[in-house]
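# Chain and residue survey
The primary structure of each chain is shown beneath.
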Amino acid sequence: MDNWIDGKPVSLPPLESQPHSPRYMASSQQERESLEVRMREVEEENRVLRKQLSLAQSRSPLHHRGNHSKTFSMEEGTGDSESLRAGIVAGNSSECGQQPAVEKCETIHVAIVCAGYNASRDVVTLVKSVLFHRRNPLHFHLIADAIAKQILATLFQTWMVPAVRIDFYDADELKSEVSWIPNKHYSGIYGLMKLVLTKTLPSNLERVIVLDTDITFATDIAELWAVFHKFKGQQVLGLVENQSDWYLGNLWKNHRPWPALGRGYNTGVILLLLDKLRKMKWEQMWRLTAERELMSMLSTSLADQDIFNAVIKQNPFLVYQLPCFWNVQLSDHTRSEQCYRDVSDLKVIHWNSPKKLRVKNKHVEFFRNLYLTFLEYDGNLLRRELFGCPSEADVNSENLQKQLSELDEDDLCYEFRRERFTVHRTHLYFLHYEYEHASDNTDVTLVAQLSMDRLQMLEAICKHWEGPISLALYLSDAEAQQFLRYAQGSEVLMSRHNVGYHIVYKEGQFYPVNLLRNVAMKHISTPYMFLSDIDFLPMYGLYEYLRKSVIQLDLANTKKALIVPAFETLRYRLSFPKSKAELLSMLDMGTLFTFRYHVWTKGHAPTNFAKWRTATTPYRVEWEADFEPYVVVRKDCPEYDRRFVGFGWNKVAHIMELDAQEYEFTVLPNAYMIHMPHAPSFDITKFRSNKQYRVCLKTLKEEFQQDMSRHYGFAALKYLTAENNS
């Protein structure tokens, strides 16, 4: 049997049956001497290890800040015996049990290459999984194209997570560094950009964890950061062995992979010791290797991974082999099941198959559920402070706290007032978006907002309006994923690339209708916009008609708001009128009505529907109290006032502001839109049933009118007078 001294096996001989025999005595003496020699060797090894440990602890990390008390993130060794043996051979095992510390407030640096709409969605799920487990400040270095930068900059700015810093690096500027390398991998040119991180990232940044976008963390990233302390000698790359047979070249006939050490390494998770890599002239090293191999290989199949492996094949001393649970690869032909015995062994899951969640794996259901947990997790819950770690001053956050502190919490309308200052996490362009600019500068975007209960209107609107659309959707994280599945399953929606879907995540008790409108308005690509609502279907051909009207009425050089007359039906099934004549006939038969004719006549009465019936040319109308038409305006028109949330006065206030800015209201004679029936919204129900809701709305309305008077002076007095007379 084996006994254990200081964690190492020492073989002892079997006891003999005659303890006093001369043979036993001699043998026993020899064994004792041998054991004493071995013990002295072990003691000497321990002395050396203790010295190394004290040296490691005396070297304080370079970029810790603030509180110096320490928490320890433990690296627990490898996940299977094969990896352990490989680690010992490579000199990577840490048998002595030394566990370097990650200081409590030490900043962990993470680099991610991200390009396009889909990758931007993936990054959010990755970041959520990191934030969920983290206890340290984080600094994300995002190598992003223009699309990803716009999406992620807005997302992180509105997410406002404490102790998280984001820096962007222009991926498009790096294209020339790697564009000479032919690459067959689906990641395209961006899949090669991890090769140039030593040049791209700040020269004073010494170490960084590099992650693919299809990674999910199941543990604190500080545990991985602590592994840097285990690097020895010339080790500068921390990588997990590839868990498929790809680099062995036996997957199919004539399969010829790039050169690699054994199974090679997967680059979905990389620890980069940047300062040493720069001194080693990494840039020159990988370029020379790539040039040499491309002469025979012609192109890469697995992007940067092929080149990293070719370099390592020539220079195996560069690699610290990470235990395989730091990159459990769910690719085709994977051996990842040998990486873990239990769920608790898992630390990082890598969806590195093009099939992603549909990949075949014995435990894929568990992995999928873990991924979906973070996918649908409420990101607002991750806005938690790191106690004891001072956050960098954030001007936006400080201004927000100041504004909120000035509110009176005992005010019965406090929740209404607070909503105006709530920062809603916003994910722009949730789906792929393409827009080709019209050469005649007459293009018009339909702008609307909606929640989950109005999704069914999207296909119908897309059929009625072929032009660009900008939509703000008020959803929870889980609902955003339901919307994604709905959209991806719709042929109508997937065939349209000129629809911008902007997710504004739910927070608070009110529907922030005017914030949603502002988000949709702000992110249009056209010079003009049609401010509509999701429950309306525009007439067939309205898009082209509005583009002609823009020219005819010289909207580019005049302050006009073009009114599209609004009608409604109470029938869920409607044979939609294909012309004005058909609409007038339905109006006479009682199939259609002017909008809100039964409940709120004042909202659209100034449109003058009697005149519209026979009008053949545009005509001007004057503003009246409570007027709220649907209009076409230039994109530089004023925003909606955010104080109005839920139901009531949200459009009325905006039209009043347009009038105060001397917009001319012009009714279009051959345009119309029809409101489709639906169940009452939650907010209109609250308005009708809650007296305090109505009192607060009245208060906000009066304050808005006072603000108008202060801003526009004498000209705004008419709004107070009109209100008193109405």
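Naming follows an unreviewed UniProt entry, where the protein appears as LARGE xylosyl- and glucuronyltransferase 1 of Athene cunicularia. Annotation of the protein in UniProt includes, under Pathway (unreviewed entry), the sentence "Protein modification; protein glycosylation." The UniProt entry for the protein carries the following text under Subcellular location (unreviewed entry): "Golgi apparatus membrane".

Any two packed helices are characterised by how steeply their axes cross, that is the angle between the axes, and by the distance between the axes. Between helix α9 (residues 282–297) and helix α10 (residues 304–314), the least distance of the axes is 9 Å, while the angle of their chain directions is 100°. By the criterion of interaxial angle, the relationship of α9 to α10 is roughly perpendicular. In contact with Trp282, Met285, Trp286, Thr289, Ala290, Arg292 and Glu293 of α9, α10 contributes Ile307, Phe308, Ala310, Val311 and Gln314.

Running from N to C, helix α3 (residues 116–133) and helix α4 (residues 146–159) point in directions that differ by 35°, and their axes come no closer than 9 Å. In the crossing of α3 with α4, the sense of the turn from one axis to the other is right-handed. Residue-level inspection shows Gly116, Tyr117, Ser120, Val123, Val124, Val127, Lys128 and Leu131 of α3 in contact with α4, the latter providing Ile147, Ala148, Ile151, Leu152, Leu155, Phe156 and Trp159. Split by residue class, the contact of α3 with α4 holds 12 nonpolar, 2 polar and 1 charged.

Here we come to the nonpolar core. Formed by 116 residues in total, the largest nonpolar core has its most connected members in Leu471, Phe483, Tyr501, Phe530 and Leu546. Sort the elements by how many residues they give to this core and helix α23 (residues 691–712) lands first, with 7 residues. With residues up to four places along the chain from it excluded, the contact list for Tyr501 reads His427, Leu428, Tyr429, Phe430, Leu431, Leu458, Leu471, Leu473, Phe483 and Leu493. Counting residues in hydrophobic clusters, the runner-up holds 101 residues, among them Val210, Ala226, Leu237 and Trp286.

To continue, consider the state of the cysteines. The full count for this structure, using the stated rule, is 2 disulfides. One disulfide in the model links Cys105 with Cys389; its S-S distance is 2.2 Å. With the S-S bond torsion at -95°, the cross-link from Cys105 to Cys389 turns out left-handed. One end of the pair, Cys105, is in the loop between β4 (102–103) and β5 (108–114); the other, Cys389, is in the loop between α11 (364–375) and α12 (395–405), with 284 residues separating them in the sequence. Look at Cys105 and you get buried, because its relative accessible area is 3%. According to the relative accessible area criterion, Cys389 is buried, its value standing at 8%. Here Cys413 pairs with Cys696 through a disulfide, and the sulfurs are 2.1 Å apart. On the sign convention where negative is left-handed, the bridge of Cys413 and Cys696, at about -95° about the S-S bond, is left-handed. Taken together, the residues Cys413 in the loop between α12 and α13 (414–419) and Cys696 in helix α23 connect sequence positions 283 residues apart. Assigned by exposure class, Cys413 and Cys696 land together as buried.

Time to look at the pattern of salt bridges. Following the criterion strictly, the structure yields 36 salt bridges and no others. The partner of Glu664 in a salt bridge is Arg620, and the shortest N-O contact between them spans 3.5 Å. Separated by 44 residues along the polypeptide, Glu664 in strand β26 (residues 664–667) and Arg620 in strand β24 (residues 619–621) bring together distant segments of the chain. The network of salt bridges with common partners includes Lys128, Asp378, Arg425 and Asp477.

What follows deals with the side chain of Glu283. Secondary-structure assignment places Glu283 in helix α9. Polar contacts involving the side chain of Glu283 include one to the side chain of Arg287, which spans 3.0 Å. Discounting chain neighbours no more than four positions away, the residues touching Glu283 are Glu177, Leu195, Val196, Thr198 and Lys199.

Once that is clear, we can look at the packing of aromatic side chains. For the coordinates displayed, the defined rule picks out 29 aromatic pairs. Between Trp225 and Phe228, the ring centres sit 5.2 Å apart and the planes meet at 80°, which makes this aromatic pair edge-to-face. Grouping residues by exposure puts Trp225 and Phe228 together as buried. Ring geometry for Tyr474 versus Tyr511: centroids 5.5 Å apart, planes at 85°, classification edge-to-face. Of this pair, Tyr474 sits in strand β17 (residues 469–475) while Tyr511 is found in the loop between β18 (499–505) and α17 (513–522), placing the two residues 37 residues apart along the sequence. Overall, Tyr474 belongs to the buried group, its relative accessible area being 4%. Among the residues examined, Tyr511 registers a relative accessible area of 15% and is labelled buried. Members of the aromatic cluster, connected to one another through ring pairs, are Trp225, Phe228, Phe231 and Tyr320. Positioned above the aromatic ring of Phe325, the side-chain terminus of Lys347 is 5.4 Å from the ring centre. Seen from the ring of Trp612, Lys580 lies directly overhead, with NZ or CZ sitting 4.3 Å from the centre.

Moving on: the sheet that holds strand β22 (residues 566–568). Each strand in a sheet pairs with its neighbour through backbone hydrogen bonds, running either in the same direction (parallel) or in the opposite one (antiparallel). Ordered by their spatial adjacency, 4 strands build an open sheet running β20-β27-β22-β23, and the pairing between neighbours is mixed. Two strands lie at the open edges of the sheet, namely β20 (536–538) and β23 (593–594), each paired on one side alone. As paired elements, β22 and strand β27 (residues 673–675) share 3 bridges and run parallel to each other. Bridged to Glu568 within β27 is His675.

Time to look at empty space enclosed by the protein. Scanning all chains against the criterion turns up 2 cavities of 30 Å³ or more. Taken as a whole, the second largest cavity encloses approximately 40 Å³ of empty space. What lines the second largest cavity is simply Leu531, Pro629, Tyr630, Val631, Tyr640, Lys651, His654 and Ile655. Along the lines of polarity and charge, the residues of the lining of the second largest cavity split into 6 nonpolar, 1 polar and 1 charged.

Here we come to the sheet that holds strand β9 (residues 215–217). Spatially, β9-β14-β13 is the arrangement adopted by the 3 strands of the open sheet, whose pairing is mixed. Of all strands in the sheet, those bounded by a partner on one side alone are β9 and β13 (328–329). Pairing of β13 with strand β14 (residues 348–350), which is carried by 2 bridges, proceeds in the parallel orientation. Along β14, the bridge assignment pairs Gln329 with His350. Of the strands in this sheet, β9, β13 and β14 touch α11, which is tilted by about 85° from β9.

Reading guide: rules and limits
- Residues numbered from 1 in each chain as written.
- Predicted model: local features only at pLDDT ≥ 70, side-chain atom pairs only at ≥ 80, totals over all residues.
- Heavy atoms only, no water.
- UniProt positions renumbered as here; feature names shortened; annotations may be inferred.
- Axes fitted to C-alpha atoms, helices over the stretch in contact; angles between N-to-C directions.
- Helix = DSSP H or I, 4+ residues; strand = E, 2+ residues; numbered from the N terminus.
- Parallel < 35°, antiparallel > 145°, perpendicular 65-115°, else oblique.
- Contact = heavy atoms within 4.5 Å.
- Left-handed = near helix turned anticlockwise from the far one by under 90°.
- Nonpolar A, V, L, I, M, F, W, Y, C, P; charged D, E, K, R; others polar.
- Core = buried A, V, L, I, M, F, W, Y, C linked by side-chain atoms within 4.5 Å.
- Buried < 20%, exposed > 50% of the residue type's maximum accessible area, 1.4 Å probe, protein only.
- Disulfide = S-S within 2.5 Å.
- Salt bridge = Lys/Arg side-chain N within 4 Å of Asp/Glu carboxyl O.
- Polar contact = N/O pair within 3.5 Å; in protein donor to acceptor, adjacent residues only side chain to side chain.
- Phe/Tyr/Trp six-rings, centres within 6.5 Å; stacked < 30°, edge-to-face > 60°.
- Lys NZ or Arg CZ within 6 Å of the ring centre and 35° of its normal.
- Pairing = 2+ DSSP bridges.
- 1 Å grid on protein atoms, 1.4 Å probe; cavity = no way out; pocket = protein on both sides within 12 Å on 5 of 7 lines; lining within 4 Å.
- Points joined across faces, edges and corners; volume = space filled by probe spheres on them.

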